[in-house]
Number of protein chains: 2
Amino acid sequence: MSDIFQSVYQHLQFSAEDIKVIAKAHQKIEITKGSFLLKEGETANEYYLLEKGLVRAFVHDYNNNEITTEFFVENEIVIVPASLFQRNPSQETLQTVTDCVLWKISFEDFQHLFHSVPGFSEWGRLWFTTQVFSLKQKSLDIVTETATNRYLKLLKEKPQIIQNAPLKQIASFLGITDTSLSRIRKDLSKI
Amino acid sequence: MSDIFQSVYQHLQFSAEDIKVIAKAHQKIEITKGSFLLKEGETANEYYLLEKGLVRAFVHDYNNNEITTEFFVENEIVIVPASLFQRNPSQETLQTVTDCVLWKISFEDFQHLFHSVPGFSEWGRLWFTTQVFSLKQKSLDIVTETATNRYLKLLKEKPQIIQNAPLKQIASFLGITDTSLSRIRKDLSKI
DNA sequence: TCAATTTCTTGCCAAAAGACAAGTCGCAGA
DNA sequence: TCTGCGACTTGTCTTTTGGCAAGAAATTGA
């Protein structure tokens, strides 16, 4: 059994038995880079755990450019909360950036876990709380930090993104164009 | 007794008795516009409910300009979650935009309510969940909508902000300068 | 009521960012 | 190995946005 469940749910004291129940409810899938887990306009029905690889979420801006809104790295949950939990068509598309190994579970089965595994709903509560802090921090960073600093921060905190995602996706995630990011890199290399 | 508690906590079925307990734990305060509820660098110790008036949160950007990050309207909770719940110095400052009537409670007493009022923690869970959806939506709007549309959306959803906050604060909240917003308004008036 | 201050508008100029395109580089597949 | 494609860099030009400042309008306080 993969130890991804241990990693993802480590913040709460689940018993080995609980982890086993959780793991058994998931199905392992391996998909190639460029695959879609969820497309704009669809309502999400699955919850994913990312064991290996890189996934991104993106939307189209008012000029129809793809803007990457999020990167998901190993041992993270890959979902569009507004679509999965509110049952709305997603504004965002989920696409693999590299070949990936994921574990999926239907939303229905996921909800069952809330009842069958004590402490799982507590874990959900914790996840939402953490999301509030990180979403807020991200929005503060966009206004308080320069593009260069946001790039350096991303490089420091999640280097696997910089290493594996194309420049264009990284740039749009940082709120700039690939041309600008290329120039930022050039300036940084001079120092 | 003010019915603000009824308004704020209406999403869960609190009994009249529960509401009374909650209300009694708060203290009413009236403050003039321009007052500070929390300053950058301080750790928040109070939780506020806004009965009347308008409050904003702001940070300083990399050029030391004030950027309004949030507006709080009547019957909303006025807090900086990262500071209040994580006990960190706040990056954001809370300032009244107009004269205000607020009800405050210390963080300590607030935590007591979680234990003494059944369902209060459920309300907290709901609040965090809602925040995730709205914070995410806000970040999507910034990339998918033009500044003009963001202005129109704000005008439609929270006209009291447009009516009561100075242009400069509205502009920075929308991610543009007051000069640009003035020009957007001019263009809109031509239609 | 009147003066003083703040807020908002607008013109001009500068700076920053983006669009576009050409050219280089490197990798993947035939 | 060679070819072709996608990714990245870089130069030029354009567009957008912002800075600044002057003036008008509105608000505040004495």
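Predicted model only: the values in this text are computed from it and were never measured.

## Topic: the overall build of chain A
Secondary structure summary: chain A contains nine helices and eight strands in total. Over its C-alpha atoms chain A spans a radius of gyration of 18 Å, differing by no more than 12% from the 16 Å that the globule rule assigns to 191 residues. Across chain A, contacts joining residues at least 24 apart in sequence account for 68% of those joining residues at least 6 apart. For chain A, the centre of its 21 positive side-chain charges and the centre of its 23 negative side-chain charges are spaced 6 Å apart.

## Focus: the side chain of Asp61 of chain B
Residue position: Asp61 of chain B is located in the loop between strand 4 (55-60) and strand 5 (66-72). This buried residue, Asp61 of chain B, is left without a salt bridge; Arg150 of chain A holds the nearest opposite charge, at 10 Å. For Asp61 of chain B, the side chain forms a polar contact with the main-chain nitrogen of Asn65 of chain B, separated by 2.8 Å.

## Brief notes about the sheet that holds strand 1 (residues 27-31) of chain B
Residue and element names in this part refer to chain B. If you walk across this open sheet you meet the four strands as 1-8-3-6, and the pairing is antiparallel. What marks the edges here is a single partner per strand, and that holds for strand 1 and strand 6 (76-78). Averaged over all adjacent pairs, the angle separating strand axes in this sheet is 35°, with direction ignored.

## A look at the sheet that holds strand 1 (residues 27-31) of chain A
Working definition: the strands of a sheet are paired by backbone hydrogen bonds and lie parallel or antiparallel to each other. Residues and elements named next belong to chain A. Pairing in this open sheet of four strands is antiparallel, and the strands run 1-8-3-6 from one edge to the other. Two strands bound the open sheet, and with one partner strand each, they are strand 1 and strand 6 (76-78). The sheet shows a mean angle of 35° between the axes of neighbouring strands, direction not considered. Sitting on the sheet, helix 4 (residues 107-116) touches strand 3 (46-52) and strand 8 (100-106), and the angle it makes with strand 8 is about 70°.

## As for the UniProt feature "domain: Cyclic nucleotide-binding" (unreviewed entry) in chain A
What UniProt calls "domain: Cyclic nucleotide-binding" (unreviewed entry) maps, in this numbering, to residues 22-114 of chain A. The span residues 22-114 of chain A is 18% helical and 45% strand by assignment, and the distance between its end C-alpha atoms comes to 10 Å.

What counts as what
- Residues numbered from 1 in each chain as written.
- Chains lettered and ligands numbered in written order.
- Predicted model: local features only at pLDDT ≥ 70, side-chain atom pairs only at ≥ 80, totals over all residues.
- Heavy atoms only, no water.
- Helix = DSSP H or I, 4+ residues; strand = E, 2+ residues; numbered from the N terminus.
- Rg over C-alpha atoms; globule rule 2.2 N^0.38 Å.
- Contact = heavy atoms within 4.5 Å.
- Lys, Arg positive; Asp, Glu negative; His and termini not counted.
- Charge placed at Lys NZ, Arg CZ, Asp CG, Glu CD.
- Buried < 20%, exposed > 50% of the residue type's maximum accessible area, 1.4 Å probe, protein only.
- Salt bridge = Lys/Arg side-chain N within 4 Å of Asp/Glu carboxyl O.
- Polar contact = N/O pair within 3.5 Å; in protein donor to acceptor, adjacent residues only side chain to side chain.
- Pairing = 2+ DSSP bridges.
- Axes fitted to C-alpha atoms, helices over the stretch in contact; angles between N-to-C directions.
- UniProt positions renumbered as here; feature names shortened; annotations may be inferred.

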